[in-house]
Amino acid sequence: MCATSAKPRDQTSARRLALPGMLALGLMLGGCITAGTPQRKVTLPEPPRQAELAPAVAREHQRILAAYNGTYQDARLEGLIKQTVDRLVAASERPDQRYRITVLNSPSVNAFALPTGQLYVTRGLVALANDSSELASVLAHEMAHVTAQHAEIREDRARQVALVKNVFDSLGSDPEMGALALAKSKIALATFSRTQEFEADGIGVAIAARAGYDPYGATRFLTSMGRNAEIKPATQGHIDQRAPDFVSSHPATPERVKNAQTSARQFRAPGSSDPSRDAYLAAIDGVVYGEDPSEGFVRGRRFLHPKLAFTFLAPEGFALDNTAQAVLGIKEGGGEALRLDVVRVPGEQTLTEYLNSGWIEHVDPKSIEELTINGFPAATATAKGEQWAFRLYAARFGSDVYRFIFAAKHMTPEIDASFRESVNSFRRMSLTESNATKPLRLKVVTATVDDTAESFASGMAITDRPLERFRVLNGLAATDRVKPGDRVKVVVE
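About the cut-offs
- Residues numbered from 1 in each chain as written.
- Predicted model: local features only at pLDDT ≥ 70, side-chain atom pairs only at ≥ 80, totals over all residues.
- Heavy atoms only, no water.
- Helix = DSSP H or I, 4+ residues; strand = E, 2+ residues; numbered from the N terminus.
- Buried < 20%, exposed > 50% of the residue type's maximum accessible area, 1.4 Å probe, protein only.
- Areas by Shrake-Rupley, 256 points an atom, 1.4 Å probe, with all protein chains shown as cover.
- Core = buried A, V, L, I, M, F, W, Y, C linked by side-chain atoms within 4.5 Å.
- Salt bridge = Lys/Arg side-chain N within 4 Å of Asp/Glu carboxyl O.
- Axes fitted to C-alpha atoms, helices over the stretch in contact; angles between N-to-C directions.
- Parallel < 35°, antiparallel > 145°, perpendicular 65-115°, else oblique.
- Left-handed = near helix turned anticlockwise from the far one by under 90°.
- Contact = heavy atoms within 4.5 Å.
- Nonpolar A, V, L, I, M, F, W, Y, C, P; charged D, E, K, R; others polar.
- Pairing = 2+ DSSP bridges.
- Expected span 1.5 Å × (residues − 1).
- Arc of directions from axis to C-beta.
- Polar contact = N/O pair within 3.5 Å; in protein donor to acceptor, adjacent residues only side chain to side chain.
- pLDDT = per-residue confidence, 0-100.
- Phe/Tyr/Trp six-rings, centres within 6.5 Å; stacked < 30°, edge-to-face > 60°.

A.B. asks: Would you take a moment to explain the overall build of the chain for this structure?
C.D. replies: Secondary structure assignment for the chain yields 17 helices and 19 strands. For the chain, the proportion of its 493 residues judged to be buried stands at 52%. For the chain, the accessible area works out to roughly 22,500 Å², and carbon and sulfur atoms hold 55% of it.

Here it is, written out as structure tokens:
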């Protein structure tokens, strides 16, 4: 939940969020620095030489920064990525191509490149990779899209689809034939994009191998990426579409993994370990893991926002997801959900008036009542949709109004009471409490003879499936064992 969300908003726009719209936006939710660990600085500055970018590219760059929480500044990490890119460029068919690298301050697993050579990689992707060859496989894949001019080809195909649609919209003679033609065009575009992905995989593996990296890095990373997607919280994957993961646009299908392995076999047989692993792990030791400190934290069912100085506890059984627009949550099974966001409401408008102002449809006027929540003026009401029943709360917190929207497919007095208990946990954080709340970070440690995957997982600062996350984070299958002397990543406060 971005701190900037507390800025004034167009209330007229907020009122247009009818009940179905709210569902579409998120209700249908279908650290401390340890001793010896270098501090990583998280900030949102303009990257170097930004003024040199063409206006159109600069606008796209700003849009990307807004979607991915700005840049993540870490000289050692940037140096690692630049060194990797330089080696890949020298081994590519376009050694004259230059890339401008931006590390994005996002936990999502993503990397992409613009046709102009703007290359982006998230800290979430860097954290998931386990050696330089895995990172190189992703960067080489994106460079392949640039050198093969896939972006330009995709745009051209998209224009063709738009042209087909315009033609049939103008003719309007046979809607069924028009729809069929448009559907075929879209299928051709989708198939073509899939072909591009396979082509980029093959080119990327070849570039990485020629640059001296392990060609099986792509196979390992695609496997980890697919496993990582499987253990996301239940709320993720259906929200915050501004910043999709790499897996959403580059599906880690078994077919892609097999294709990458086939490409790698052209260079050598599998089996040998990557000698770059220790150096890579040293470079990412201390990287922020998970959410950006400026956007708040999820700790189990609790959400804390040190910068905005508030916290609340979700109902029992809920998994929370913090996005730039709102805090979203869903209960296991999908029958209950919540959304917390912040808006600016004129001081002269009472909260009871606001709840009945039309920003959400089907509010029962008789259910509106005033109350206080830990000393804050508040109001509550109920609303009813076709499939969901809603309990709404609005609380004034400073100059802003925080909106809690709870939803249940089958509302009962017990469920409603759990929602009220949750909103009653909303409170101001003390200065001491805010200062003590730190982001999670990666820490690289050496396994001893007594260490196991289970023991490492039990000590991590993660409550959501820690053993699975430890294994995925370290590229370990369920049957793999941690051996004495292994260097592994753990998540700490």
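A.B. asks: Before we go on, may I ask you to explain the nonpolar core in this structure?
C.D. replies: Note that soluble globular proteins tend to have their nonpolar side chains buried in a common cluster. By size, the foremost hydrophobic cluster in this structure holds 66 residues, and its most contacted members are Leu-77, Ile-81, Leu-88 and Phe-470. Membership of the second largest hydrophobic core comes to 28 residues, among which are Phe-312, Val-342, Ile-373 and Ala-378.

A.B. asks: Would you explain the pattern of salt bridges in this entry?
C.D. replies: Opposite charge on two side chains permits pairing when their charged atoms draw close. Evaluated as defined, the whole model comprises 20 salt bridges. A cluster of three or more residues bridged by salt bridges with shared partners is formed by Asp-131, Glu-134, Asp-214, Arg-220 and Arg-268.

A.B. asks: How should the packing of helix 4 (residues 75-91) against helix 6 (residues 132-147) be read in this particular structure?
C.D. replies: For any two helices packed against each other, one specifies the inter-axial angle together with the distance between the axes. Between helix 4 and helix 6, the least distance of the axes is 10 Å, while the angle of their chain directions is 60°. In terms of orientation, helix 4 lies oblique with respect to helix 6. Crossing handedness for the pair helix 4 and helix 6: right-handed. For the pair helix 4 and helix 6, the contacting residues are Leu-80, Ile-81, Thr-84, Val-85, Leu-88 and Val-89 in the first and Ser-132, Leu-135, Ala-136, Leu-139, Ala-140 and Met-143 in the second. When the residues that make up the contact of helix 4 with helix 6 are grouped by side-chain class, the tally is ten nonpolar, two polar and no charged.

A.B. asks: Quick question: what am I supposed to make of the sheet that holds strand 5 (residues 118-122) here?
C.D. replies: Strand pairing in a sheet takes place through backbone hydrogen bonds and is either antiparallel or parallel in direction. Pairing in this open sheet of three strands is mixed, and the strands run 3-5-4 from one edge to the other. Each of the sheet's edge strands pairs with one partner strand only, and the pair in question is strand 3 (100-104) and strand 4 (111-113). Put simply, the sheet's adjacent strands are angled 15° from each other on average, direction ignored. Across the sheet, helix 4 is in contact with strand 3 and strand 5; its angle to strand 3 comes to roughly 140°. Sheet strands in contact with helix 6 are strand 4 and strand 5, and its direction is about 25° off that of strand 4.

A.B. asks: Can you walk me through the sheet that holds strand 6 (residues 288-289) in this structure?
C.D. replies: Spatial strand order, 6-18-19: three strands in an open sheet with antiparallel pairing. The sheet is open, and its two borders are formed by strand 6 and strand 19 (487-492), each paired with just one other strand. Strand direction decides the pairing type here: strand 18 (residues 440-446) and strand 19, joined by six bridges, are antiparallel. Paired with Thr-446 across the two strands is Arg-487, which belongs to strand 19. Lying over the sheet, helix 12 (residues 277-284) contacts strand 18 and strand 19, oriented at roughly 20° with respect to strand 19. Together, strand 6, strand 18 and strand 19 form the strand contacts of helix 17 (residues 466-473), whose direction differs from that of strand 19 by roughly 135°.

A.B. asks: Is there a simple way to think about the environment of Val-423 in this case?
C.D. replies: Residue placement: Val-423 occurs in helix 14 (residues 413-423). Note: C-alpha distance between Val-423 and Ile-373 (50 residues apart in sequence) is 7.5 Å.

A.B. asks: Is there a simple way to explain the environment of Val-490 in this structure?
C.D. replies: Take Val-490: it is sitting in strand 19. Looking at Val-490, the relative accessible area reads 7%, which means it is buried. Sequence-distant contacts of Val-490, that is, excluding residues within four places in its chain, are made with Arg-441, Leu-442, Lys-443, Val-445, Phe-456, Met-460 and Phe-470.

A.B. asks: Hey, could you run me through the packing of helix 6 against helix 9 (residues 217-230) in this one?
C.D. replies: Two elements in contact, helix 6 and helix 9, have axes whose closest approach is 8 Å; the angle formed by their N-to-C orientations is 85°. It follows from the interaxial angle that helix 6 and helix 9 lie roughly perpendicular. From helix 6, Ser-133, Glu-134, Ser-137 and Val-138 reach across to helix 9, where they touch Gly-217, Ala-218, Arg-220 and Phe-221. A breakdown of the residues in the contact of helix 6 with helix 9 according to their chemical character gives three nonpolar, three polar and two charged.

A.B. asks: Where do I start with helix 4 in this structure?
C.D. replies: Spanning 17 residues, helix 4 covers 24 Å between terminal C-alpha atoms, matching the ideal 24 Å at 1.5 Å per step. Every buried residue belonging to helix 4 is among Leu-77, Leu-80, Ile-81, Thr-84, Val-85, Leu-88, Val-89 and Ala-91, and all of these are buried. Burial along helix 4 is one-sided: seen end-on, the buried residues are contained in an arc of 165°. Turned more than 90 degrees away from the buried face of helix 4, the exposed residues are Ala-75, Gln-83 and Ala-90. For helix 4, the capping residue at the N-terminal end is Asp-74, with a side-chain oxygen 3.1 Å from the backbone nitrogen of Arg-76.

A.B. asks: Sorry, what's going on with the confidence of the model for the chain here?
C.D. replies: When pLDDT drops low, the exact placement of atoms in the prediction is not to be read closely. For the chain, per-residue confidence averages 79 on the pLDDT scale, and 75% of positions sit at 70 or higher. Segment residues 150-192 is flagged for pLDDT under 50; beyond a separation of four residues in sequence, or across chains, it makes 29 contacts in the model.

A.B. asks: Help me out: how do you make sense of the packing of aromatic side chains in this one?
C.D. replies: For any pair of aromatic rings, the description rests on two quantities: the centre-to-centre distance and the angle between the ring planes. Counted under the stated rule, the structure contains 19 aromatic pairs. A centroid spacing of 5.1 Å and a plane angle of 25° characterise the contact between Phe-112 and Tyr-120, whose relative ring orientation is stacked. Here Phe-112 and Tyr-120 have matching classes, each one buried. A ring pair is formed by Tyr-354 and Trp-359, whose centres lie 5.4 Å apart and whose planes are at 10°; its orientation type is stacked. Among the residues examined, Tyr-354 registers a relative accessible area of 1% and is labelled buried.

A.B. asks: I tried to follow the environment of Phe-406 on my own but got confused; where do I start?
C.D. replies: Of note, Phe-406 is situated in strand 16 (residues 400-408). When its relative accessible area of 0% is taken as the criterion, Phe-406 is described as buried. Sequence separation between Phe-406 and Ala-337 is 69 residues, and the spatial gap between their C-alpha atoms is 5.9 Å. Aside from chain neighbours lying at most four places away, what touches Phe-406 is Pro-315, Ala-337, Leu-338, Ala-389, Phe-390, Arg-391, Tyr-393, Phe-419, Ser-422 and Val-423.

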